[in-house]
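Descriptive structure summary
These are the residues of each chain, in order.
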Amino acid sequence: MAALLGHILKTRNNSFLLRNITRTFDTISSSSLHQTPFILPSLSQVRLVGNAAESVCGFDEMVGGKDRKYYMLGGKGGVGKTSCAASLAVKFANHGHPTMVVSTDPAHSLSDSLAQDLTGGKLVPVEGVSSPLYALEINPDKSMEEFRTAGQKLGGGGAKSLMQSIGLGAIADQLGELKLEEMLHTPPPGTDEIIAITKVMQFLESEEYSMFSRIVFDTAPTGHTLRLLSLPDFLDGSIGKLIKMKMKLGSVFGSLLGKEQPQNNPLDKLEKLKENVAKIHDLFHNPDTIEFIIVTIPTVMAISESSRLHASLKKERVPVKRLIVNQVLPPTSGCKFCSMRLKDQMRAIETIHNDSELSGLRLYEAPLVDMEIRGVPALKFMGDNLWR
Ligand SMILES: Nc1ncnc2c1ncn2[C@@H]1O[C@H](COP(=O)(O)OP(=O)(O)OP(=O)(O)O)[C@@H](O)[C@H]1O
């Protein structure tokens, strides 16, 4: 152990260490992985920025308690959301929590990160951890289809012309004003993702999945996440109007729809969706059950975007306590390019301290390593060093 520590402290570039350790992992059994010492104090840093951050507890708080908790990781494209989400899921599973990690990003990379095939929209067990860990990539496009089909039946020409033919033209016009068809073809970006999240939440409510005490979401890049938050307004607005109209029309509208699709009233489907989204909206606001973790990289542009993301999340009252700055260059000497980049990164990180949005968050710095973080052993390594 002392020799290992000595070697670590002498190692100038920690990323070489990860390469060596992960290579070693390839040759040892999964049971022995759990006994491997991961004492690399200099590899990652947790910094408290600002006074508010001092009250934010570390991993002990995240892992404490048996009640289910949801963690959503989000940020700009390519910053390392999937790697951080997968490493958190691996860490939870290794700390006794049956865990599920779900990707709702249409451009999935969870399969690549866990080095397992997750295509097919089914829960897949992940090997090499001490408690059950399951992973799922859901296809938001597929979830969206159902929503569109329900909407098309309502807003499509069929229902409208039928209404006109029986003298309900004025109401048909009102329906037209809602531009439902157009709206369903081009819903606000992020709609597909929240529908996918809604579906996951629905199946998580069933007894079969009650064992999962930690759920980690790897979400789509920032822009989508931001717009995703506006979905309840979208549903309250346009779809809400439709639902109200349904009430007004009562049985006439009901039977019209009934003729078209007796067992499967599209309005009921949309109403159900609205209810479920409202439930998720509540869950998103409960600091005891959910936390949104922002992932960024040490560039001024990414940090500015993270600041805007936090402002929007705060406005929506979504609990946020932590900020990960990923891909921080390790200390270097002899490479002018590297030291310039490092200086630039340090300047960018400094901006966090002066940023009114980000300075209250617990700041985690994760180093850029010289290989892809791929597979459970590498994710365990990343997680053990990052999540403190
Ligand atoms: N600290 C790091 N050191 C080295 N490579 C990293 C680090 N973090 C992430 N990577 C690599 O960067 C790439 C992108 O990471 P990842 O897929 O986690 O990002 P993402 O934010 O989820 O991307 P996207 O927005 O495209 O889904 C991957 O190849 C990953 O292995």
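The numbers attached to residues start from 1 for each chain and follow its sequence in the written order. For a predicted model such as this one, the threshold for reporting local features is a pLDDT of at least 70, and the threshold for listing and counting side-chain atom pairs is 80 or more; totals across whole chains, interfaces and linings nevertheless cover every residue. Side-chain figures throughout are based on the complete set of non-hydrogen atoms in the structure, without hydrogens or water.

1. Here we look at the state of the cysteines
Counting rule for disulfides: a pair of cysteine sulfur atoms within 2.5 Å. What the rule picks out here adds up to one disulfide. One disulfide bridge connects Cys335 with Cys338, the sulfur atoms lying 2.4 Å from each other. Taking the sign of the S-S torsion, about 70 degrees here, the bridge from Cys335 to Cys338 comes out right-handed.

2. Some remarks on the pairing of strand β9 (residues 362-367)
Within β9, six of the six residues are buried, leaving the element largely enclosed by the surrounding structure. Each residue gets one of three labels from its accessible area relative to the maximum for its type: buried under 20%, exposed over 50%, partly exposed in between, using a 1.4 Å probe on protein chains only. The secondary structure listing takes helices from DSSP runs of H or I that are at least 4 residues long and strands from runs of E that are at least 2 residues long, numbered from the N terminus. Across the two faces of β9 the burial is the same, with Arg362, Tyr364 and Ala366 and Leu363, Glu365 and Pro367 all buried. Two strands are said to pair when DSSP picks up at least two bridges between them. Bridge analysis of strand β8 (residues 320-328) against β9 gives five bridges, and the strand direction is parallel. Bridging from a neighbouring strand, Ile324 pairs with Tyr364 of β9. The handedness of the β8 to β9 crossover, carried by helix α17 (residues 336-353), is right-handed. Handedness of a crossover is defined as follows: orient the strands so they point away from the viewer, and if the path from the first strand over the helix to the second runs clockwise, the crossover is right-handed.

3. Quick notes on the site of the ligand
In the vicinity of the ligand, 17 residues are found, and the nearest of them are Lys81, Thr82, Ser83, Asn326 and Glu372. Where the shell around the ligand is concerned, the elements lending two or more residues are α6 (81-94) and β8. Considering every element that reaches the shell around the ligand, the biggest residue donor is α6, with three residues. Lys, Arg, Asp and Glu make up the charged group, whereas Ala, Val, Leu, Ile, Met, Phe, Trp, Tyr, Cys and Pro make up the nonpolar group; the residues left over, Gly among them, are polar. The residue makeup of the shell around the ligand, split by class, is six nonpolar, eight polar and three charged. A cutoff of 4 Å decides nearness: a residue is near a molecule or strand if any of its heavy atoms lies inside that distance of it.

4. With respect to unusual backbone geometry
Non-glycine residue Ala115 carries a positive phi angle of around 55 degrees. Within the secondary structure, Ala115 is located in the loop between α7 (110-114) and β4 (124-125). Classification of Ala115 by relative accessible area gives partly exposed; the value is 40%. For Gln327, which is not a glycine, the phi torsion comes out positive at approximately 65 degrees. Within the secondary structure, Gln327 is located in strand β8.

5. Here we look at the packing of α6 against helix α18 (residues 376-386)
Simply put, an axis is a line fit to the C-alpha atoms, just over the touching stretch for a helix, and the angle between two N-to-C directions goes from 0 to 180 degrees. Relative orientation of the contacting elements α6 and α18 amounts to 85 degrees, with a least axis distance of 8 Å. Judged by the angle between their axes, α6 and α18 are roughly perpendicular. Contacts between α6 and α18 involve Ser83, Cys84, Ala86, Ser87, Val90, Lys91 and Asn94 from the first element and Val376, Leu379, Lys380, Met382, Gly383, Asp384 and Leu386 from the second. Per-class residue counts for the contact of α6 with α18 are seven nonpolar, four polar and three charged. Should an angle fall under 35 degrees it is taken as roughly parallel, and over 145 as roughly antiparallel, whereas 65 to 115 is taken as roughly perpendicular and any remaining angle as oblique. Every residue pair with non-hydrogen atoms within 4.5 Å of one another is taken to be in contact.

6. Here we look at the pattern of salt bridges
What makes a salt bridge here is a side-chain nitrogen of Lys or Arg within 4 Å of a carboxyl oxygen of Asp or Glu, nothing more. Throughout the structure, instances matching the rule amount to eight salt bridges. Between Lys321 and Glu61 there is a salt bridge whose closest N-O contact spans 2.8 Å. With Lys321 in strand β8 and Glu61 in helix α5 (residues 59-63), this residue pair connects regions lying 260 residues apart in the sequence. Overall, Lys321 belongs to the partly exposed group, its relative accessible area being 23%. Where Lys380 meets Asp384, a salt bridge forms, and the shortest distance between an N and an O atom there is 2.7 Å. Placement of both Lys380 and Asp384 in helix α18 is noted, with a separation of four residues, approximately one turn of the helix. Asp384 matches Lys380 in its accessibility class, with the two residues each being buried.

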